[in-house]
Amino acid sequence: MADSNQHQKQRNHLHQKANKKRPSVHKFGGSSLKNVQSVQQVINRIVEQANPGDFVVVSANGKMTDLLFKLINGEPDAASTISNYICQLVTDLLGESHELLPTIKRDLVDIKALNNIENMNCLLAYGELWSAQILSACLAQQSHQADWLDARHLFRINDHDHSIDHQRLNNSLAQLISKNPAAYHVITGYIATNQTGKTITLGRNGSDYTATLVAEAIHADEVNLWTDVDGIFTADPNVLEEAQKIEQLSLCEAQALSELGSNVLHQQTISPLLNNRTEIIIRQTQKKHKGTTITREQVAEQQVKTITSKHDLTLFNITHLTEWQAKKFQTALVAQHIYSYTNRYDKTQHELHFCVATSDAFVVNQLAKNHNLNLLQKANKQSLISLVGQNIRQSPHILTTLLQRTSHFNITNIYYPANEHTLCILLPQLHSKALLRDLHQTFFSLAPSLPIIILGYGNIGQAFIQLLKRNQSAIEQQINQSLSLWAVATSKQCHVDRNGLLSGEIKLKPKGSVSDNLAQLLDDLSGKAAVVIDLTASEIIAQHYPDWASAQWHIISANKVAAADKTLSQQTQNEINKSHRLWLKNTTVGAALPVQSSIQGLRETGDRIQCISGVFSGSLSWLMGHYKGEGFTALVKQAKEQGFSEPDPRDDLSGQDVYRKALILAQEAGFNPQDIHFKPLLPKKYLTGDLNDFWSQNEAIDQYIHQLWQQAQDDDKTLCYLANITADEIHISLQALPACHPAAQIQPSDNVFVIESQNYSNNPLVIQGPGAGREVTAAGVLNDLLKVLKA
C-alpha cells in the first residue's frame, strides 16, 4: 500500500510539472516605451498578459538610441536633449524624489565626461539600461515584484563565429530565477559582451534577438514581440492601405521573411527558435488580442502569404573572385551588421552579385578595398519586392502569374533564393509601389487588368472615366480583373500614375507639347501588353498607330483619322495582326451602335454587301431634327455646349466627320470606291478662317439654311445629311427626303444605317439609334475595352 501511495505521489508530481506553464518572454520596442502613456500601457499589458516569473525584454525608450548616436557624432544639442527627455520621463513616471533619478543623472554626467566609456557601444548601452530600470521601478511602485538585469551579464558572443556562450547564459538565468522566482524579470535588449568582456550591440532588431535567445534558453512556450503594428500583414500597411493582417505563419515562412530584412522580423530573431517548439506572437501594444502567431505547424498549401518591400538599395557585383572569397566577404558584411540581399555567386563568371541598403554602400566599398576585391556599382535606387509563402517555388501557377505580372514593368531581375518559400524581384524604386500594388491585388484580390492609357480628356474622355468610376465594381466582377488606369493625357497635359487613377481625382498637369512622363511611360511599356484608348480627333496621334501596334499594344479608337485613311489603316492592321493584338474602332461610326460588327458578321457568313446608306452624323441629325426654320447657329452653339458636336462644330458642318465614316464603312464592306461626290452641309465660304470668323457670319448662315428648309417644307420633305456608299461610288450631301424615307423618320441625334446585301436586298437591314452624345460614345468605348480585357 505504501509503494502504491508513493507511485501515486510521483505521478501527481509529474502531472503537476507537465501542466505547469513554463515562463514566457515579452519584448517591448522603443515606440512602446516612448512616453508616460505608452509606458503605462506596457505595464497594463504585462499585468494582463504575463505571469510572475516571465521575462520582459526592453529596447531603449523612444528614439533614445538615435539620440545617443547623435551624441557620438558630435551634434551640439544631443546631450541636453537626452538629459531633458530621460529626466522628464522618470519624473513624470516615478516622481521627483524617486531614487532612480539621481542614478540616471550620474550616468548623464559620466556620458558627458566620457567616464567609464571604453567604446561607442558602452555609450549606446545606456538607452537599454535606463529603459529596464525605469520599467522595473514602475512595476515595483505599483506593488508588482520586479527585478532588472543588464544583458551583458547573460550574453557573451564569440568574435569569430558569433556563437552564444549558452552555458554562461543558462547559469545566469537560473540564478536570476532562483533569486526571485515570482518577479517579472526585466532584461535589457540589444547589448551583450564579446569574449574579452567588452560591450557590443546585437545590431538592428537586437532586442528581438535578445528575447528569442532568452526564450530558447528557458524553453519558453511563447515569445511575444509587442510592437506598434498589429502583427504581420500581406504587405506594409503604411504603403498599401488595403493590406490584410495574417493570423498565422509557419516557421519556415517566418524564416524566409526574416531573411529579407523585414522590419518586423529579422533573421537573428528567428534563428534561436528553429530547433524549439516556442511560438512567436507579434502583437500591438495598444491592443490586447493576438496579432500574428508564428508556429512550427506545417501547412501543405502553396500560396503567397505576404509581399515584402525593401527600398533604397544599391546593386553591386564583385568580379574575379573565388567562391571562398565570396563567402569570406559576405561574412565580413555580417560582422559589420550589414545585411545583403539577392546574393548570387556565378561560378562560371566568378562574380558575386548582391544588394545592400544605400546607407551601407560606403562601408561596403571600404570592406571591398580591405579585401582587395574589384567592386562595381551596377545600379542604385533599387527596390526589392518579395513573395513569401510555404513552398511557393513549387507552384507553376504562382511562377507563371509572377512572370505575367512583372512583364508590365521594367524589372532589373528575378531572384530565386536558396529556400523554397521566396521569390524576389529587383526593380527601379520609381515603379516599386506600382508593382507592389499590382502583385498584392493579383494574389489577394483581383489581378489588375492590362495598363490602360487614355488619350483625350474632353467631353468623351471625361464621360468615359466617369463611366469607369461609376461602374468599376460591376466591370471588375465581369472581367474578373481590377481596372488599371495608368495615364490620362491631352496634347499638352497629362496625369501618369502606375498605382492607378480611378481611386482619386485626375489632375492634368501642363508638360509642354509632349509630356515627358507620358513619353517615358509609353517607352517603358514597349513590347508589353497595354491598351491605348484614343478619344481625340488628332491626325498627329493617329500617325502613331502603326508604332503602337508594333509595340504590342491593343488600340481602341474613337478617333476616325486612322480608320478612314486606307494606307494608315492597313499599316496599323498589319502590325496588329503580327502582334496578335486587337484594334477596335466601333465608335468611329455610329457611337455605340453595332454597325461595323454587323457588317463584319454579314461578310463572315458569306453575304455580300451591296450598298450602305443613311444618316451617319448624330450631330447633324440633332441639328436638322431640332431646326424649325430659324436660329440655326444658335442651335449649333447649343449642340456644342451639350456635347452633341465636335469641339469645333465646323468639323461636323463641313461633312468631314461623315466623309471619314463613309470611308471607314467602305473599307469594312470591302469596297474601293473611286467616284466620290461630297458636298458639305454648309458652303466652304462659311467654314474658312478661324472659329470667330464662323460665328461672325451667323446671319448669313441662318439665312442659307432657312432657304433650304423652306424649300423642303414647300415640297413636304425633310432635310437630312445623307450618305450613300456602293462598291464604286460615295455620295454625301444635304438632301430633302420624303416622309416615307427611313432617314426622315429618325429622332434628333439618331443615326440610321440601311445595309443592303444579297441576303437583305428586298428588306434591308436597318440599324437605328443614338449616334451622338458623350455618354453614348463613352459606352461604346467601354464595350470595346471589355472585349480587349476579356480576350
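Values in this document were obtained by computation on a predicted structure and should not be read as measured data.

The rules behind these values
Each chain has its residues counted from 1, running along the sequence as written. Two thresholds apply to this predicted model, a pLDDT of at least 70 for residue-level local features and 80 or more for giving and counting side-chain atom pairs, whereas whole-chain, interface and lining totals are computed over all residues. Excluded from the side-chain calculations are hydrogens and water; all other atoms, namely the structure's heavy atoms, are used. Under the scheme used here, helices are H or I runs from DSSP no shorter than 4 residues and strands are E runs no shorter than 2 residues, and both carry numbers assigned from the N terminus. It is over C-alpha atoms that the radius of gyration is taken, and the globule rule equals 2.2 Å times the number of residues to the power 0.38. Relative accessibility under 20% of the residue-type maximum defines a buried residue, over 50% an exposed one, and the middle range a partly exposed one, all with a 1.4 Å probe and only protein chains included. When checking whether two residues touch, look at their non-hydrogen atoms; a contact exists if any pair is within 4.5 Å. Computed with a 1.4 Å probe, the accessible areas rest on the Shrake-Rupley method; for each residue, only the protein chains presented here act as cover. Any two strands with at least two DSSP-identified bridges between them are counted as paired. Interaxial angle, 0 to 180 degrees, is taken between N-to-C directions of lines fitted to C-alpha atoms, where a helix line uses only the stretch in contact. Here the aromatic set is Phe, Tyr and Trp, taking the six-membered ring for Trp, and pairing holds for ring centres within 6.5 Å; pairs whose planes are under 30 degrees apart are stacked, those over 60 apart are edge-to-face, and all others are tilted. Distance and angle both matter: a charge sits over a ring if NZ of Lys or CZ of Arg is within 6 Å of the ring centre and within 35 degrees of the ring normal. Residue-level confidence of the predictor is what pLDDT reports, using numbers from 0 through 100. By definition in this entry, angles of less than 35 degrees are roughly parallel, angles greater than 145 are roughly antiparallel, angles of 65 to 115 are roughly perpendicular, and the rest are oblique. Ten residues, namely Ala, Val, Leu, Ile, Met, Phe, Trp, Tyr, Cys and Pro, are considered nonpolar, four, namely Asp, Glu, Lys and Arg, are considered charged, and the remaining ones, Gly among them, are considered polar. Only a pair of cysteine sulfur atoms within 2.5 Å qualifies as a disulfide here. Salt bridges are identified by distance alone: a Lys or Arg side-chain nitrogen within 4 Å of an Asp or Glu carboxyl oxygen.

Please provide a residue-by-residue account of the overall build of the protein, values included.
A tally of helices and strands in the protein yields 29 helices and 30 strands. Radius of gyration (C-alpha) of the protein: 38 Å, far over the 28 Å computed for a compact globule of 791 residues. With the C-alpha coordinates aligned to their principal axes, the bounding extent of the protein is approximately 125 × 70 × 55 Å. When the 791 residues of the protein are sorted by exposure, 52% land in the buried category. Intrachain contacts of the protein at a sequence separation of at least 6 include 71% that bridge at least 24 residues. Accessible surface for the protein amounts to roughly 36,100 Å². Of this, 46% is attributable to carbon and sulfur atoms.

Quick rundown of the sheet that holds strand β14 (residues 351–357)? Include the residues and the values.
Taken in spatial order, the six strands line up as β13-β14-β12-β15-β17-β16 in an open sheet, and their pairing is antiparallel. Looking at the sheet topology across the chains shown, the edges are occupied by β13 (341–346) and β16 (413–415). Sheet twist, expressed as the average angle between the axes of neighbouring strands with direction ignored, equals 30°. In the sheet, β13 pairs with β14 via four bridges, with the strands oriented antiparallel.

Describe the packing of aromatic side chains, listing the residues and the values that go with them.
Under the counting rule described, the total for this entry stands at 14 aromatic pairs. Seen in terms of ring centroids, tryptophan 548 and tryptophan 553 are 6.5 Å apart; in terms of plane orientation they differ by 45°. Their pairing is tilted. Tryptophan 553 shares its class with tryptophan 548; the two are buried. Put simply, the rings of Tyr545, Trp548, Trp553 and Trp583 touch in pairs and so form one group of aromatic residues. Between the NZ or CZ atom of lysine 585 and the centre of the ring of tryptophan 583, over which it lies, the distance is 4.1 Å. Positioned above the aromatic ring of tryptophan 695 is the side chain of lysine 637, whose terminal nitrogen or guanidinium carbon lies 5.1 Å from the ring centre.

Help me get a handle on the sheet that holds strand β23 (residues 554–557), residues and values and all.
Sheet strands line up and pair through hydrogen bonds in the backbone, either parallel or antiparallel. Strand order in the open sheet made by the seven strands is β21-β20-β19-β18-β22-β23-β24, with mixed pairing throughout. Of all the strands in the sheet, the pair left with one neighbour each is β21 (509–510) and β24 (583–584). Sheet topology places strand β18 (residues 452–455) next to strand β19 (residues 485–489); four bridges connect them, and they run parallel. Within the sheet, the bridge partner assigned to isoleucine 454 lies in β19 and is valine 488.

Now, about the confidence of the model for the protein: what can you tell me, with residues and values included?
Summarising the model, the protein shows a mean pLDDT of 89, and 96% of its residues fall at 70 or more. With pLDDT under 50 throughout, residues 6–20 is counted as low confidence; its partners more than four residues away or in other chains account for zero contacts.

An account of the packing of helix α4 (residues 78–94) against helix α5 (residues 100–113) is requested, with residue identities and associated values reported.
Orientation of α4 relative to α5, taken along the N-to-C sense of each, is 175°, at an axis distance of 10 Å. Relative to α5, α4 is oriented roughly antiparallel. In contact with Ile82, Ser83, Ile86, Cys87, Val90, Thr91 and Leu94 of α4, α5 contributes Leu100, Leu101, Ile104, Lys105 and Leu108. Of the residues contributing to the contact of α4 with α5, the split by class is nine nonpolar, two polar and one charged.

Account for unusual backbone geometry, with residues named and values stated.
The phi torsion at tyrosine 190 lies on the positive side, around 80°, for a residue other than glycine. In this structure, tyrosine 190 sits in the loop between β5 (184–188) and β6 (191–194). Residue classification places tyrosine 190 among the buried positions, given a relative accessible area of 11%. A positive phi angle, close to 55°, is found at aspartate 312, a residue other than glycine. For aspartate 312, a relative accessible area of 31% translates into the label partly exposed.

Describe the environment of leucine 387, and please don't skip the residues or the numbers.
Structurally, leucine 387 is set in strand β15 (residues 374–388). A residue is classified by how much of its surface remains accessible, and leucine 387, at 0% relative accessible area, is buried. As a C-alpha pair, leucine 387 and glutamine 167 span 220 residues in sequence and 39 Å in three-dimensional space. Once residues within four sequence positions are removed from consideration, leucine 387 is found in contact with Val304, Thr306, Ile307, Ile392, Ile398, Leu402, His421, Thr422, Leu423, Leu439 and Phe443.

Outline the state of the cysteines, supporting the account with residue identities and numerical values.
In total, this model carries zero disulfides according to the counting rule given. Free of any disulfide, cysteine 424 has its nearest cysteine sulfur in cysteine 355, 10 Å distant. For cysteine 424, a relative accessible area of 3% gives the class buried. Free of any disulfide, cysteine 611 has its nearest cysteine sulfur in cysteine 720, 16 Å distant.

Tell me about the environment of asparagine 121, and name the residues and values.
For asparagine 121, the location among the structural elements is in helix α6 (residues 120–141). Setting aside chain neighbours within four positions, we find asparagine 121 in contact with Thr199, Ile200 and Thr201.

I'd like a description of the pairing of β19, backed by residues and values.
The element β19 is extensively covered by neighbouring structure, given that five of its five residues are classed as buried. When β19 meets strand β20 (residues 493–496), the two strands line up antiparallel, connected through three bridges. Directly across from alanine 489, in β20, lies its bridge partner cysteine 494.

Just give me the short version of the pattern of salt bridges, but keep the residues and values in it.
Applying the stated criterion across every chain yields a total of 16 salt bridges. Among the ionic pairs, arginine 437 bridges to glutamate 242, the shortest N-O distance being 2.8 Å. Of this pair, arginine 437 sits in helix α14 (residues 432–444) while glutamate 242 sits in the loop between β8 (222–227) and β9 (248–250), placing them 195 residues apart in sequence. Among the residues examined, arginine 437 registers a relative accessible area of 17% and is labelled buried. With relative accessibility at 31%, the residue glutamate 242 sits in the partly exposed group. Here the residues in one salt-bridge network are Lys560, Asp657 and Lys661, joined through shared partners.

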